[in-house]
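# Structural overview for review
Spelled out, the chains give:
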Amino acid sequence: MTNRIDLAKKAPKVYRAMIALDAAAREGLDEQLAELVRIRASQLNHCAYCLNMHTVDARKGGESEARIYLLNAWEEAGDLYTEKEQAALRLTEAITVLSSHEYVSDEVYERAAKHFAEEELAQLIALIFTINSWNRIAVSTRKVPDVH
């Protein structure tokens, strides 16, 4: 599989807007939590490019190999992830796969709201929809990860 189109070159205003959105969405969030969210959304969206990028970034940020490897089965991993991380991951899944979670249920939202102040929750939601946008860009343009 090869890249289809370089969005940064062919739609530079859109690409720069995404970069700005991404920077704004990250503000005030714990970077380790943000990487877990980015990885989980990328797993759900089958985005190899973003999975590669964010697992590398997570490792650089001090994330353990076990927590990266087990993220796809976080619910079965016991207390490997904090309650706050679990709430963020559940919200990530609900927003990413809207149809499988009856959209974002009150239960999922309230669990996240219990662990995040309103401003932080707003940032988390922004981070989730931003990584989903990046995933859709990378998947639709067939952006290939650089793993060499």
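Located above this text is the structure these notes cover.
All of the points below concern the structure found in this document. (Residues numbered from 1 in each chain as written. Predicted model: local features only at pLDDT ≥ 70, side-chain atom pairs only at ≥ 80, totals over all residues. Heavy atoms only, no water.)

Helix and strand counts for the protein stand at 8 helices and 0 strands. For the protein, the sequential pattern of α-helices and β-strands runs α-α-α-α-α-α-α-α. Compactness check: the protein gives a C-alpha radius of gyration of 15 Å against a globular reference of 15 Å for 148 residues, within 12% of the reference. The C-alpha extent of the protein, read off along each of the three principal axes, is 40 × 30 × 30 Å. Per-residue burial for the protein yields a buried fraction of 37% across its 148 residues. Considering only contacts within the protein whose residues lie at least 6 apart along the sequence, 68% involve residues at least 24 apart. Computing the positive centroid from 18 side-chain charges and the negative centroid from 23, the protein places the two 11 Å apart. (Helix = DSSP H or I, 4+ residues; strand = E, 2+ residues; numbered from the N terminus. Rg over C-alpha atoms; globule rule 2.2 N^0.38 Å. Buried < 20%, exposed > 50% of the residue type's maximum accessible area, 1.4 Å probe, protein only. Contact = heavy atoms within 4.5 Å. Lys, Arg positive; Asp, Glu negative; His and termini not counted. Charge placed at Lys NZ, Arg CZ, Asp CG, Glu CD.)

Okay, unusual backbone geometry next. In this structure, H46 is a non-glycine residue whose phi angle is positive, near 55°. Among the secondary structure elements, H46 is positioned in the loop between α3 (31-44) and α4 (48-60). Exposure remark for H46: the relative accessible area of 69% places this residue in the exposed category. With a phi angle near 55°, R142 is a residue other than glycine that sits in the positive phi range. Along the chain, the position of R142 falls in the segment after α8 (118-140). On the basis of relative accessibility, which here comes to 34%, the residue R142 falls in the partly exposed class.

Let us now look at the packing of aromatic side chains. Per the counting criterion, the structure on display carries 1 aromatic pair. Plain terms: the ring middles of Y15 and W134 are 5.5 Å apart, the flat faces sit at 75° to each other, and that makes the pair edge-to-face. Separated by 119 residues along the polypeptide, Y15 in helix α2 (residues 12-26) and W134 in helix α8 bring together distant segments of the chain. Note on Y15: relative accessible area 26%, which makes it partly exposed. Judged by relative accessible area, W134 falls into the buried class, the value being 14%. (Phe/Tyr/Trp six-rings, centres within 6.5 Å; stacked < 30°, edge-to-face > 60°.)

What follows deals with α8. Relative to the 33 Å expected for 23 residues at 1.5 Å per residue, α8 spans 33 Å between its end C-alpha atoms, a close match to the ideal helical length. Immediately beyond the C-terminal end of α8, within one or two residues, lies R142, with a positive phi of roughly 55°. (Expected span 1.5 Å × (residues − 1).)

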